[in-house]
Protein chains: 2
Amino acid sequence: MSKNLEFTYKLRSSGLRPTRQRLKICEVLFNRDKTFHFTINDLAKDISKQLNEKISLATVYNTVHAFKNKGYLKEISINSDKNYFDTNTTSHHHFFDQDTNELIDCTDEVVETPKIKKNILGKKINSVEVLIKVATDNQNQK
Amino acid sequence: MSKNLEFTYKLRSSGLRPTRQRLKICEVLFNRDKTFHFTINDLAKDISKQLNEKISLATVYNTVHAFKNKGYLKEISINSDKNYFDTNTTSHHHFFDQDTNELIDCTDEVVETPKIKKNILGKKINSVEVLIKVATDNQNQK
DNA sequence: ATTATATATTATAATTATTCTAAACTGTTG
DNA sequence: CAACAGTTTAGAATAATTATAATATATAAT
Ligand SMILES: [Mn+2]
Ligand SMILES: [Mn+2]
Ligand SMILES: [Zn+2]
Ligand SMILES: [Zn+2]
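Residues numbered from 1 in each chain as written. Chains lettered and ligands numbered in written order. Predicted model: local features only at pLDDT ≥ 70, side-chain atom pairs only at ≥ 80, totals over all residues. Heavy atoms only, no water.

Chemist: Summarise the packing of aromatic side chains; cite the residues concerned and give the values.
Modeler: A ring pair, where both rings are aromatic, is described by two values, the distance of the centres and the angle of the planes. Following the criterion strictly, the structure yields 10 aromatic pairs over all chains and no others. Both rings, one in Y84 of chain A and one in F96 of chain A, keep their centres 6.4 Å apart while their planes meet at 75 degrees; by these two values the pair is edge-to-face. Of the two residues, Y84 of chain A is situated in strand β3 (residues 83-86) and F96 of chain A in strand β4 (residues 94-97); the sequence distance between them amounts to 12 residues. Exposure class is identical for Y84 of chain A and F96 of chain A. Each is buried. Each ring, one from F67 of chain B and one from Y72 of chain B, has its centre 6.2 Å from the other, and the planes form 70 degrees; the classification is edge-to-face. A connected cluster of aromatic rings, assembled from ring pairs, spans F30, F67 and Y72 of chain A. (Phe/Tyr/Trp six-rings, centres within 6.5 Å; stacked < 30°, edge-to-face > 60°. Helix = DSSP H or I, 4+ residues; strand = E, 2+ residues; numbered from the N terminus. Buried < 20%, exposed > 50% of the residue type's maximum accessible area, 1.4 Å probe, protein only.)

Chemist: Give a detailed account of the protein's contact with DNA strand D, specifying residues and quantitative values.
Modeler: Around DNA strand D, the structure places 17 residues, and the nearest of them are Y61 of chain A together with T19, Q21, R22 and T59 of chain B. Taking the atoms of DNA strand D that fall within 4 Å of the protein, sugar and phosphate contribute 78% of them. Measuring from a sugar or linking oxygen of DNA strand D, one finds a side-chain N or O atom of Q21 of chain B at 2.7 Å. Between DNA strand D and the protein, one listed contact pairs a phosphate oxygen with a side-chain N or O atom of R22 of chain B at 2.7 Å. Those elements that provide at least two residues to the surface near DNA strand D are α4 (57-69) of chain A together with α2 (20-30) and α4 (57-69) of chain B. Of the residues in the surface near DNA strand D, the class split is 5 nonpolar, 7 polar and 5 charged. (Near = heavy atom within 4 Å. Polar contact = N/O pair within 3.5 Å; in protein donor to acceptor, adjacent residues only side chain to side chain. Nonpolar A, V, L, I, M, F, W, Y, C, P; charged D, E, K, R; others polar.)

Chemist: Account for the relation of the copies chain A and chain B, naming residues and giving values.
Modeler: Screw-axis analysis of chain A against chain B gives a translation of 0.0 Å along the axis, an RMSD of 0.1 Å, and a rotation angle of 179 degrees. What the superposition gives is, in effect, a two-fold axis relating one chain to the other. Minimal C-alpha separation from the rotation axis in chain A is found for V130 of chain A, amounting to 2.2 Å. Of all interface residues in chain A, 100% are interface residues in chain B too; the two copies therefore contact each other through one and the same surface. (Least-squares fit on C-alpha atoms with pLDDT ≥ 70 in both. Contact = heavy atoms within 4.5 Å.)

Chemist: Provide a residue-level description of the interface of chain A and chain B, including the pertinent values.
Modeler: Counting from both sides, the interface comprises 42 residues of chain A and, opposite them, 42 residues of chain B. Regarding the contact of chain A and chain B, the summed buried area is about 3400 Å², with carbon and sulfur atoms giving 51% of it. There are 8 salt bridges connecting chain A and chain B. The salt bridge partner of K118 of chain A is E109 of chain B, with a shortest N-O separation of 3.2 Å. Linking chain A to chain B there are 25 residue pairs in polar contact (both at pLDDT 80 or more). Elements supplying a minimum of two residues to the side of chain A that touches chain B: β2 (74-77), β4 and β6 (123-136) of chain A. Tallying contributions element by element places β6 of chain A first for the side of chain A that touches chain B, with 14 residues. Its residues placed into classes, the side of chain A that touches chain B shows 15 nonpolar, 12 polar and 15 charged. In this structure, β6 of chain A lies alongside strand β6 (residues 123-136) of chain B, joined through 13 bridges in antiparallel fashion. The partner of A135 of chain A across the bridge, within β6 of chain B, is K124 of chain B. (Buried area = accessible area lost by both parts, 1.4 Å probe. Salt bridge = Lys/Arg side-chain N within 4 Å of Asp/Glu carboxyl O. Pairing = 2+ DSSP bridges.)

Chemist: Residue-level account of the coordination of the zinc ion (ligand 4), with values.
Modeler: Six octahedral donors at a metal ideally form angles of 90 or 180 degrees, and four tetrahedral donors ideally form angles of 109.5 degrees. Residue and element names in this part refer to chain B. At this site the zinc ion (ligand 4) is bound by H37 (NE2), D86 (OD), H92 (NE2), H94 (NE2) and D105 (OD), with donor distances of 1.9 to 2.2 Å. The motif formed by the donor residues of the zinc ion (ligand 4), counted along the single chain, is H-x48-D-x5-H-x1-H-x10-D. Judged by relative accessible area, D86 falls into the buried class, the value being 0%. A relative accessible area of 6% means that H92 is categorised as buried. (Donors = N, O, S within 2.8 Å, 3.2 Å for Na, K, Ca; no water.)

Chemist: Would you mind going over the packing of helix α2 (residues 20-30) of chain A against helix α3 (residues 40-50) of chain A in detail, with residue names and values included?
Modeler: Between two packed helices, both the angle of their axes relative to each other and the distance between the axes serve to describe the pair. Residue and element names in this part refer to chain A. Interhelical geometry of α2 versus α3 gives an angle of 105 degrees and a closest axis separation of 11 Å. Of the possible angle classes, the one that applies to α2 and α3 is roughly perpendicular. Two secondary-structure elements touch here, α2 through I25, V28 and L29 and α3 through L43, D46, I47 and Q50. Of the residues belonging to the contact of α2 with α3, the class tally is 5 nonpolar, 1 polar and 1 charged. (Axes fitted to C-alpha atoms, helices over the stretch in contact; angles between N-to-C directions. Parallel < 35°, antiparallel > 145°, perpendicular 65-115°, else oblique.)

Chemist: Just give me the short version of the pattern of salt bridges, but keep the residues and values in it.
Modeler: Residue and element names in this part refer to chain B. If you walk through the whole model with that rule in mind, you get 18 salt bridges over all chains. In this structure, E6 engages K3 in a salt bridge whose closest nitrogen and oxygen atoms are separated by 3.6 Å. With a gap of 3 residues between them, E6 and K3 both fall in helix α1 (residues 2-13), about one helical turn apart. Given a relative accessible area of 45%, E6 falls into the partly exposed group. On the basis of relative accessibility, which here comes to 36%, the residue K3 falls in the partly exposed class.

If you want it as C-alpha cells, here you go:
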C-alpha cells in the first residue's frame, strides 16, 4: 500500500482528510499510467464495479469538485450533454470525436498553442486552448 | 414590416412554417446590427419583456434547436453552468470572461486559427476553435 | 486511550435544465 | 372554406446537480 500512503500525504498536504472514500477515488483516478477524461457518472459506475464497497453519488460529486479546487483535476465543457473532467491538469488541446463523444488529448506535434495578439483591457489570460471537432469522413456534414 | 417579410421567406425557404412565435424569435435574434451570444433562458426573458405576448418555454427550446439545425444558430459549450447559442454561425474564436460568464468574439487580429498537423485516422476535421479564458488581473489565481 | 471537535459521508429532498406528451391551435393547400 | 400536417402549449417526466440534516469518521486535545 505504498500508493495509498502517497495519496494520504497528498490529501493531507492540501488540507483534505484522507478518508476511505477519497483514497478509493484517488486510486481509481490517479493510480494509472496515462491521464484520462471522465464524467462523474462514469466515475461513479467505475467505482461501484471496481470496488466491493459503494460510495454515495453525493460524495463522488463532492470529492471530484474538491479535487478540482485543489488542482488535481480539470473541468472541461465541450458538449452540452456531458461534462468532463480531466486528470491531465496541464494546459493542453483536445480532439472531440463527435461520433463517440470521446475526448482525446492533442500533443504538441498536432497543434501549437496560438499566440494571442490582443487582450481585453484589465483582464489576465488564464488559458488558451484549442478544440478540434472531428467526425467520420462521410458526406454527412450536419 | 419588410424585415418580417424577409424572415418569412427565410423560414419558408428552409421548410419551417413562419409562425407568429418563430417570427418574433427571429426579430429578437436577427434584427440587430451585431451578432451576440445568449442562453435559452435569457432569450425567453428577453422575449417576455420586449413583447406583450408570451411564448411558451418549450417553444423557445424547440425554435432555438430548429434554428440551430437549419444553421441559423451555433451552440457553444464552454461552461458547465451555462449553455450558449451564438448568432454568429461562422467559425470563430472566443474570449470567455470568467468574472462575468460573458462570451466575446475574437477577431483575426486577436488570434489566428492554428494549423492542425496531424489528424485522427478516418476522421474529418469539422472545426478548429480557440478559447481564451480571462479574468480580472488580481493575484487570485484560483 | 478517551473524549471533543471539526469535517465528511450518506440518503434523500430540492432545484435546475431540458425533453416529452397529448391536446388545442394555426398555417398552408386544394 | 374545409382538411391536414405541423406547431404551440401547459404541464408532466427525466436527468444532472446541489442542498439538507442526521450519522459517522478523522484528528486534536485531554
Ligand atoms: Mn441541445
Ligand atoms: Mn461544477
Ligand atoms: Zn485532456
Ligand atoms: Zn461567438
